[in-house]
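Chain residues, written in single-letter form:
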Amino acid sequence: MAKKPIDQNDNLLEIRDLKKYFQIGENTLKAVDGVSFTIKRGETLGIVGESGCGKSTAGRTILKLYDPTEGQIIFEGKDLSKLSNSEMKPLRREMQMIFQDPYASLNPRMTVGDIIGEALDIHGLASGAKRKERIQELLSLVSLNPEHMNRFPHEFSGGQRQRIGIARALAVEPKFIVCDEPISALDVSVQAQVVNLLEQLQEKMGLTYMFIAHDLSMVKYISDRVGVMYLGKMVELAESDKLYSKPLHPYTQALLSAIPIPDPEIERNRERIVLEGDVPSPMNPPSGCNFRTRCPKAMPECAAAAPQWKEVEPNHFVACHLYN
Amino acid sequence: MQQLTKEHFQPISVDLRQAEQISRPSLSFWADAWRRLKQNKVAMVSMIFLIALIVCAIFVPMMSSNDYFTTDLAGKNKKPSAEHWFGTDDLGRDVFVRIWYGARISLEVGFAAAAIDLVVGVIYGGIAGFYGGKIDEAMMRFADILFAIPYLLVVILLLVVFEPGVGTIILALTLTGWIGMARIVRGQMLQLKQQEYVLAARSLGADDMRVLFKHLVPNSLGPIIVTLSLTVPSAIFAESFLSFIGLGVSAPVASWGTMANEGLPAMKYYPWRLMFPAVFISVTMLAFNLFGDGIRDAVDPRLRK
Ligand SMILES: Nc1ncnc2c1ncn2[C@@H]1O[C@H](COP(=O)(O)OP(=O)(O)OP(=O)(O)O)[C@@H](O)[C@H]1O
Ligand SMILES: [Mg+2]
């Protein structure tokens, strides 16, 4: 990737012990349960994990689409966690989101021009002829025909819709974008187009991404660092090469062993770690380390206490009793 | 044989923007719904009938030389003729004109009830669904309690308190009638506010008003209109029914229900006195229901059976 080198000390975003609980009747659902990490300016931080582990909730809470239950979200030195909606409004220009479902993320009753223009209207960025010009410019930026601004979302394919969503996010010229599984609903051939577009835009505009996915190989390709989540917690975070070549956490090891290797010889002989059982309910997670019920290396102390989030090697964090 | 070099295997460049020309004309949601409605013959025939009904209800009483209350005992119970197209009733009143006065009452009740249901139901259901949580629970519990009261009981109670008449009937019908609309709107709000495009608007900094009126309401209009189109005939029928059993408008005002009621004892000898109001009630109900079905299919093709 022809990207500017990333300054390891320039944190665009710092998440400290972020929690998001949903109250469901009498029960508390711990969708995100104490995650801490930083995102450097200009980097792509990948987040992976099985369905339901709280990736989307984490992304949405960081953007203050949900009010955090606890913890801090420090964006360029400013804590967002306690800001009200009106105090957040100017900051909405700095951070944006691209959504998973290209069919649900565009209002079916609005034209493409109005969908992209909404951002301009809300922040009073452009009106009249300038608004139209800007919308067309944004459409060209994502390789869509600017003449299509008066069309409706249902007239476009999934990949095109996803690009409309990207144009909408770019309209406010953000610094940081949460990409919530932006390609998992697309055909494989179109996935590459969208990923390439995201990379080009990152280069051109110096964007910082938090890239959520469950496809590990795509995340490795696009991310500088990758964090692995399990049941609302971050279990491991490292540079992507390192995470893939030397995973420490048993859960990461299991996830990686499930990726097929395009070499029949290796593929046949390698050992696959199969996780047993289902992901426990986030309403009622196991005590101690919440992975212990499925962990092939579980020890007695795993039930007693939750493991600490530790930097076991430079820039390689893991939460596991094997390394405490 | 031709020499093949590496240059022959360059990818041809495709301009994505060229590849994405769309040739079909752009249609908004409503234009598309109208196109589908136009293709539905049954719905179009119903619509033409209903338009004719409305036009006649407005103009026939205005232009006719007869009125609904002048009695003519010498000319009572006349057969349909050139002078009295639908004959006369037992007081010698012209049935044709009375039918159109009755149509006015039916349409008034139908549209007024629908309009009140719309306003109350959308606001009530909208607030409950949009804010959710405790507010929603309290509001919907109250609606459930109201809904559990049988409406005949409500009508009878209201008639004790108020004068019988069109106003009382509308009040009786809407007192619980809005609940259906409120439930539909609440369901829509609860479902739509979770949609990603609403989150997208929020992440752009949209406030409640924008989310409500740019995103939630426009996307709920389909089900709202469908509900509305079926409220009108049910209110019309309720008015006819109440008037028929003597709980509705009172003499000398003409309503299809009272006319059918008065015609019933004379059915054997003067059948037209019952037949005309009965036919108008039935055909109007049928037309409204078929038109409502057509609207439902046009607005949401997925609901089609
Ligand atoms: N608004 C909400 N109210 C209640 N529970 C929620 C809400 N949003 C998410 N959850 C719950 O929180 C947990 C985490 O959900 P989340 O959508 O963040 O998972 P995810 O990792 O993004 O999964 P996926 O890969 O399927 O998108 C799930 O158990 C989900 O049911
Ligand atoms: Mg998700």
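Structure: see above.
**Side note on the nonpolar core**
Ranked by internal contacts, the top residues of the largest apolar core, which has 110 residues, are Ile116(A), Ile166(A), Ile99(B) and Trp100(B). For this core, the element with the highest residue contribution is helix H11 (residues 272–299) of chain B, accounting for 11 residues. Aside from chain neighbours lying at most four places away, what touches Trp100(B) is Leu53(B), Cys56(B), Ala57(B), Val60(B), Pro61(B) and Phe280(B). With 34 residues, the next largest nonpolar core counts Leu18(A), Met88(A), Met95(A) and Ile212(A) among its residues.

**Here's the deal with the packing of aromatic side chains**
All names here are of chain B. As enumerated under the stated definition, the model contains 17 aromatic pairs over all chains in all. Summarising the aromatic geometry, the rings of Phe111 and Phe288 are spaced 6.3 Å apart at their centres and angled 70° between planes, so their arrangement reads as edge-to-face. With Phe111 in helix H4 (residues 95–131) and Phe288 in helix H11, this residue pair connects regions lying 177 residues apart in the sequence. Feature note: the residues Trp85, Phe86, Phe96, Trp100, Trp256, Phe276 and Phe280 constitute an aromatic cluster, connected by ring pairs. The ring of Phe147 carries Arg183 above its face, with NZ or CZ at 4.5 Å from the centroid.

**Description of the pattern of salt bridges**
For the structure on display, the rule yields 28 salt bridges over all chains. Arg131(A) serves as the salt-bridge partner of Asp121(A), at 2.8 Å between the closest nitrogen and oxygen. In this pair, Asp121(A) is assigned in helix H3 (residues 112–122) and Arg131(A) in helix H4 (residues 128–141), connecting sequence segments 10 residues apart. When its relative accessible area of 17% is taken as the criterion, Arg131(A) is described as buried. With a closest N to O distance of 3.4 Å, Arg296(B) and Asp297(B) form a salt bridge. Each of the two residues, Arg296(B) as well as Asp297(B), counts as buried. Look at the salt bridges and you will find they share partners, linking Asp10(A), Arg41(A), Glu76(A), Glu94(A) and Lys175(A) into a network.

**Quick look at the packing of helix H8 (residues 196–203) of chain B against helix H9 (residues 208–244) of chain B**
Residue and element names in this part refer to chain B. Direction vectors running N to C along H8 and H9 enclose 160°, while the axes themselves pass 10 Å from each other. Judged by the angle between their axes, H8 and H9 are roughly antiparallel. Both H8 and H9 take part in a crossing whose hand is right-handed. Judged by residue contacts, Tyr197, Val198, Ala201 and Arg202 of H8 engage Asp208, Val211, His215, Leu216 and Asn219 from H9. Residues of the contact of H8 with H9, tallied by class, amount to 5 nonpolar, 2 polar and 2 charged.

**Section: the sheet that holds strand S11 (residues 310–313) of chain A**
All names here are of chain A. Taken together, 8 strands build an open sheet; the order of strands is S6-S7-S8-S3-S9-S10-S12-S11 and the sheet is mixed. Strands at the two margins of the open sheet, each flanked by one partner only, are strand S6 (95–98) and S11. Across this sheet, the average inter-strand angle for adjacent strands is 25°, counted without regard to direction. By the bridge criterion, 3 bridges tie S11 to strand S12 (residues 316–318) in an arrangement that is antiparallel. Directly across from Glu313, in S12, lies its bridge partner His316. Strands in contact with helix H1 (residues 55–62) are strand S3 (44–48), S6, strand S7 (176–180), strand S8 (208–213) and strand S9 (225–230); relative to S8, the strand with the most contacts, it is inclined by about 155°.

**What about the site of ligand 1?**
Residues and elements named next belong to chain A. In the neighbourhood of ligand 1, 16 residues make up the surrounding shell, with Ser51, Gly52, Lys55, Ser56 and Thr57 lying closest. At 2.5 Å, a side-chain N or O of Ser51 approaches an oxygen atom of ligand 1. Elements with a contribution of two residues or more to the shell around ligand 1: strand S1 (11–24), strand S2 (27–40) and H1. By residue number, the principal contributor to the shell around ligand 1 is H1, which donates 3 residues. Looking at the shell around ligand 1, its residues break down into 7 nonpolar, 6 polar and 3 charged.

**Observations regarding the interface of chain B and chain A**
The interface of chain B with chain A comprises 27 residues on the first partner and 37 residues on the second. Put simply, chain B and chain A have 2 salt bridges between them. Where Arg60(A) meets Glu196(B), a salt bridge forms, and the shortest distance between an N and an O atom there is 3.7 Å. Sorting the residues of the side of chain B that touches chain A by element identifies helix H1 (16–19), H8 and H9 of chain B as the ones contributing at least two each. With 7 residues, the top contributor of residues to the side of chain B that touches chain A is H8(B). Classifying every residue of the side of chain B that touches chain A by side-chain character gives 12 nonpolar, 8 polar and 7 charged.

**Structural notes on helix H10 (residues 256–263) of chain B**
Residue and element names in this part refer to chain B. For H10, a buried count of 6 out of 8 residues is recorded, marking the element as mostly surrounded by other parts of the structure. Restricting attention to buried positions, one finds in H10 the residues Trp256, Gly257, Thr258, Met259, Ala260 and Gly263. In the core, the buried residues of H10 are packed alongside helix H3 (41–63), H4, H9 and H11.

**Some words on the sheet that holds strand S5 (residues 78–79) of chain A**
In a beta sheet, neighbouring strands pair by backbone hydrogen bonds and run either parallel or antiparallel. Residue and element names in this part refer to chain A. Spatially, the 4 strands line up as an open sheet ordered S2-S1-S4-S5, and their pairing is antiparallel. The open sheet has two edge strands, S2 and S5, and neither has a second partner. Pairing of strand S4 (residues 70–75) with S5, which is carried by 2 bridges, proceeds in the antiparallel orientation. Counterpart to Phe75 in the pairing with S5 is Lys78.

**With respect to the pairing of strand S10 (residues 233–239) of chain A**
Within a regular strand, side chains alternate between the sheet's two faces. Residues and elements named next belong to chain A. Among the 7 residues in S10, 5 count as buried, and that is most of the element. Bridge analysis of S9 against S10 gives 6 bridges, and the strand direction is antiparallel. Bridge pairing in S10 links Arg225 to Glu239. Connecting the antiparallel pair S9 and S10 is a turn made up of 2 residues, with Leu231 showing a positive phi of about 50°.

**Re helix H5 (residues 133–148) of chain B**
Residues and elements named next belong to chain B. Between its first and last C-alpha, H5 extends 23 Å over 16 residues, near the 22 Å set by a 1.5 Å rise per residue. Among the residues of H5, those classed as buried are Asp136, Met139, Met140 and Ala143. Down the axis of H5, the buried set is contained in an arc of 95°. They therefore lie on one face. Every exposed residue of H5 that faces more than 90 degrees away from the buried side is listed here: Lys134, Glu137, Ala138, Ile145 and Ala148. For H5, the secondary structure elements touched by its buried residues are H4 and helix H7 (166–192).

Parameters and conventions
- Residues numbered from 1 in each chain as written.
- Chains lettered and ligands numbered in written order.
- Predicted model: local features only at pLDDT ≥ 70, side-chain atom pairs only at ≥ 80, totals over all residues.
- Heavy atoms only, no water.
- Core = buried A, V, L, I, M, F, W, Y, C linked by side-chain atoms within 4.5 Å.
- Buried < 20%, exposed > 50% of the residue type's maximum accessible area, 1.4 Å probe, protein only.
- Helix = DSSP H or I, 4+ residues; strand = E, 2+ residues; numbered from the N terminus.
- Contact = heavy atoms within 4.5 Å.
- Phe/Tyr/Trp six-rings, centres within 6.5 Å; stacked < 30°, edge-to-face > 60°.
- Lys NZ or Arg CZ within 6 Å of the ring centre and 35° of its normal.
- Salt bridge = Lys/Arg side-chain N within 4 Å of Asp/Glu carboxyl O.
- Axes fitted to C-alpha atoms, helices over the stretch in contact; angles between N-to-C directions.
- Parallel < 35°, antiparallel > 145°, perpendicular 65-115°, else oblique.
- Left-handed = near helix turned anticlockwise from the far one by under 90°.
- Nonpolar A, V, L, I, M, F, W, Y, C, P; charged D, E, K, R; others polar.
- Pairing = 2+ DSSP bridges.
- Near = heavy atom within 4 Å.
- Polar contact = N/O pair within 3.5 Å; in protein donor to acceptor, adjacent residues only side chain to side chain.
- Expected span 1.5 Å × (residues − 1).
- Arc of directions from axis to C-beta.

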